[in-house]
Amino acid sequence: MQIDLSCPVENQGTIVKTNSETNEPYLLLKLFNLSEKEIAALTFHVLAYDANGGELGTVPVALDGLNAQPKTFFAESKAVSLVGIEDAKHFVVVVDSVTFSDGTSYEPSENHTVDADDSEASIDDAMLLRQFVPEAICFSSEHGNYWRCVCGRANFVDAENCVRCGRAKSDVLAKFSSRDALRETIVKAQEEAEKQRLEEEERLKAEKELKKAKLKKSLLIALIVLIAAAIVACAGFFIYRAVLNSSADKALQSGDYLKAYENYEKTGNVKLAEVTEHIQGNTPANLMFQSGLIASDEENVYYLALDNTSYNFHLIKENKISKEKTTLTDAAGGSLNVTKDWIYFVDVENGYVKRISKDGQTIEPVLDTGASFLSVLGNTMYYIKVDYDNPDKLPEEQCQTLAAQGQMKTFRHLYKMDLDSKKSKLISEESISACSIYGDRIYYLTDNEDEWQAYNLYSMDLNGKDKQVVIDVPVASFLINGDDLYYVRMYNDASKGNKISSGADLDYTIVRKNLKDGGVSELGQQYMVTYMNANSDKLFFIGLNREDYLNSLSGESEAQAAPALYAMDFATGDIKQLVSGEVQIFNVLDDDVIIYIATQGMCRVKADGTGFEQLLTSDAAPQDGDGQNTDTPEGDQADVSQAPDAEPAE
């Protein structure tokens, strides 16, 4: 493979898609700035080949106004038209010129061009290499005029570090240049682990011997110690709390939120609420009536793609930077919760809780009974489970049948599970319809046969204690943003205490209540709202136009009101429609991404209404060319078009 080692830009992959409006194919590139300078403009041409390697044509492309930062991907939304060369399957990007923001430029040089090795390691070798280098694709190697890194990049022979991944030449050549070097690296890693294990054994042994020596102290010393211990015990409780709080404060400052949370929980420290959001597996609003379709960690987004024909779920992992997508499993469900090592979910087949490793290699059961409203907080999992009034100890399947026939009473109880021991504990005997965790409290809606007592909003601490009334009327949904509680009032105030007789009694207005001063105000009265979500500056909701709904009830209009997705600015109260049509549920991620299910299928859009992308059509049939990953681009026309919501290349 011919490569100019001095070229500051490389293409790390291509994706062919189809414009849903024009049905024309286009190409997206994964361009990466290898240099240490900002790139302002770039020209290149794309060589397109068919499946047999036959050349189909060339597409010249010019990009400017890039502001491409060093060591980052850029121009990922620039679309290159493939009209006229639709049969292309393989692509090669050849850089013609690069202009940096400081006024300097790059031109190709034959003096720096080498015929680089592009072979890859075997699957078995690659798996071993990736234990040490996640992006490894080959053994490192040194050639006459260049050396090749374990990540696959060719570098100048005198370069001390890889221009792509930054790893040191001396390190990768010593550790990953051959199977023998890799075996030696593995052996050294095992020896180091064994050394640490033996050192820990010695430490524990010495500690044990020291304890034995102390036990042999004289009776007098023992008596003194007992007396001192009795004195210390009087103040021990306060010292213990102070030590735990001090340890938690240090953990909080260093970013170890899980340790800080565990210690604050033991002491009941008010800072517990401050660290909760850092260890939650998903946002409370995504999990509350919104199925938990999407969650994330620092590197990846995890979300469910739904086949609307077969109703099969696919759990997708998407890298935040490269946008590379990986299907982790086809056996998935809702209530996604992401922790350091695992993704927890409720299996759609049976409602049981499972977890899958982030690489998709391991999937295992967590709870072998039906659960809902799953919330993972550090090493603790909260969930609602249906229990039965079953004094005769009948099998669960028989209880389910009797309950469905109305012959057995059910209760929706709240449990918490320690994820290390897998032991569950009932924390509330009250029947609960739904719940979510904000700060150091669990907010929940009651489950009651009386329509005016059902769905009242309460709160309790994380152990099921200190129960408090929050809203004493039926609530359809709720969320908390800062000091404000936003809830959807289910019925008109005028109907309170009366039997609800018609749709006209339904209210579904958003009410804002300040949790500090108790101030209450109504928002967006022109809409009937079902579900809500939020980011740092906007409240999102699914709503019906109230006038259209009432006209359809009265018969003044035959048209049925369709629920659309809206955004309300917290600061100004301005409301903007983001998505029209029958939006059913939606999730918000990282202040900017919304995934929703509507009549046209599963889609995502940015929080400002731009960047629409259809993840799956309503009939689950992929568009021709959509999502087709190819190894390198296409074209014999210099036509560059715009993908839906993508910026056009010039």
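One can find the structure itself at the top, above this paragraph.
The rules behind these values
- Residues numbered from 1 in each chain as written.
- Predicted model: local features only at pLDDT ≥ 70, side-chain atom pairs only at ≥ 80, totals over all residues.
- Heavy atoms only, no water.
- Pairing = 2+ DSSP bridges.
- Helix = DSSP H or I, 4+ residues; strand = E, 2+ residues; numbered from the N terminus.
- Axes fitted to C-alpha atoms, helices over the stretch in contact; angles between N-to-C directions.
- Phe/Tyr/Trp six-rings, centres within 6.5 Å; stacked < 30°, edge-to-face > 60°.
- Buried < 20%, exposed > 50% of the residue type's maximum accessible area, 1.4 Å probe, protein only.
- Lys NZ or Arg CZ within 6 Å of the ring centre and 35° of its normal.
- Parallel < 35°, antiparallel > 145°, perpendicular 65-115°, else oblique.
- Contact = heavy atoms within 4.5 Å.
- Nonpolar A, V, L, I, M, F, W, Y, C, P; charged D, E, K, R; others polar.
- Disulfide = S-S within 2.5 Å.

A. Representation of the sheet that holds strand β27 (residues 441-446) in the model. Strand order in the open sheet formed by four strands is β26-β27-β28-β29, with antiparallel pairing between adjacent strands. Of all strands in the sheet, those with a lone pairing partner are β26 (432-438) and β29 (468-471), marking the two edges. Between one strand and the next, the sheet's axes are offset by a mean angle of 30°, whatever the strand orientation. When β27 meets strand β28 (residues 457-461), the two strands line up antiparallel, connected through five bridges. Bridged to Leu-445 within β28 is Leu-457.

B. The packing of aromatic side chains, seen in detail. Inspection of the entire model under this criterion finds nine aromatic pairs. Taken together, a centroid distance of 5.4 Å and an interplanar angle of 50° make the contact between Tyr-486 and Phe-570 tilted. On the criterion of sequence distance, the pair formed by Tyr-486 in strand β31 (residues 484-491) and Phe-570 in the loop between β36 (564-569) and β37 (575-579) is long-range, its members being 84 residues apart. On the basis of relative accessible area, Tyr-486 is assigned to the buried category, the value being 3%. What makes Phe-570 buried here is its relative accessible area of 17%. Ring pairing ties together the aromatic residues Tyr-527, Phe-541 and Tyr-566, which thus form one cluster. Geometry around Phe-100 places Lys-37 over its ring, the cationic atom sitting 4.3 Å from the centre. The ring of Trp-342 carries the charged tip of Arg-355 above its face, separated from the ring centre by 4.0 Å.

C. Layout of the pairing of strand β4 (residues 39-49). Both β4 and strand β8 (residues 90-100) contribute to a ladder of ten bridges, which runs antiparallel. By the bridge assignment for β8, Thr-43 is matched with Ser-97. Pairing analysis gives eight bridges linking β4 to strand β5 (residues 55-63), with the strands arranged antiparallel. Each residue of the ladder has a partner; that of His-45, found in β5, is Pro-60. Connecting β4 to the next strand, β5, in antiparallel fashion are five residues, including Gly-53 with a positive phi near 90°.

D. Quick peek at the packing of helix α2 (residues 169-176) against helix α3 (residues 179-215). For the pair α2 and α3, interaxial distance at closest approach is 6 Å and the crossing angle is 95°. With respect to α3, the element α2 is oriented roughly perpendicular. Together, Ala-174, Lys-175 and Phe-176 of α2 and Ala-181, Leu-182 and Thr-185 of α3 make up the contact between the two elements. In the contact of α2 with α3, the residues fall into four nonpolar, one polar and one charged.

E. Structural view of the environment of Met-408. Relative to the elements of secondary structure, Met-408 occurs in the loop between α8 (396-404) and β24 (410-418). Taking the C-alpha atoms as reference, Met-408 lies 7.1 Å from Tyr-388; in sequence the two are 20 residues apart.

F. Structural view of the state of the cysteines. By the definition in use, this model includes zero disulfides. Unpaired in terms of disulfides, Cys-149 finds its nearest cysteine sulfur in Cys-165, a separation of 3.6 Å. With relative accessibility at 0%, the residue Cys-149 sits in the buried group. We classify Cys-165 as partly exposed; its relative accessible area is 25%.

G. Region of interest: the pairing of strand β33 (residues 520-523). In this sheet, β33 lies alongside strand β32 (residues 506-514) in antiparallel orientation, the contact comprising four bridges. Considered in β33, the bridge of Val-511 is made with Glu-522. Linking two consecutive strands that pair antiparallel, namely β32 and β33, is a turn of five residues; a positive phi of about 80° is found at Gly-518 within it.

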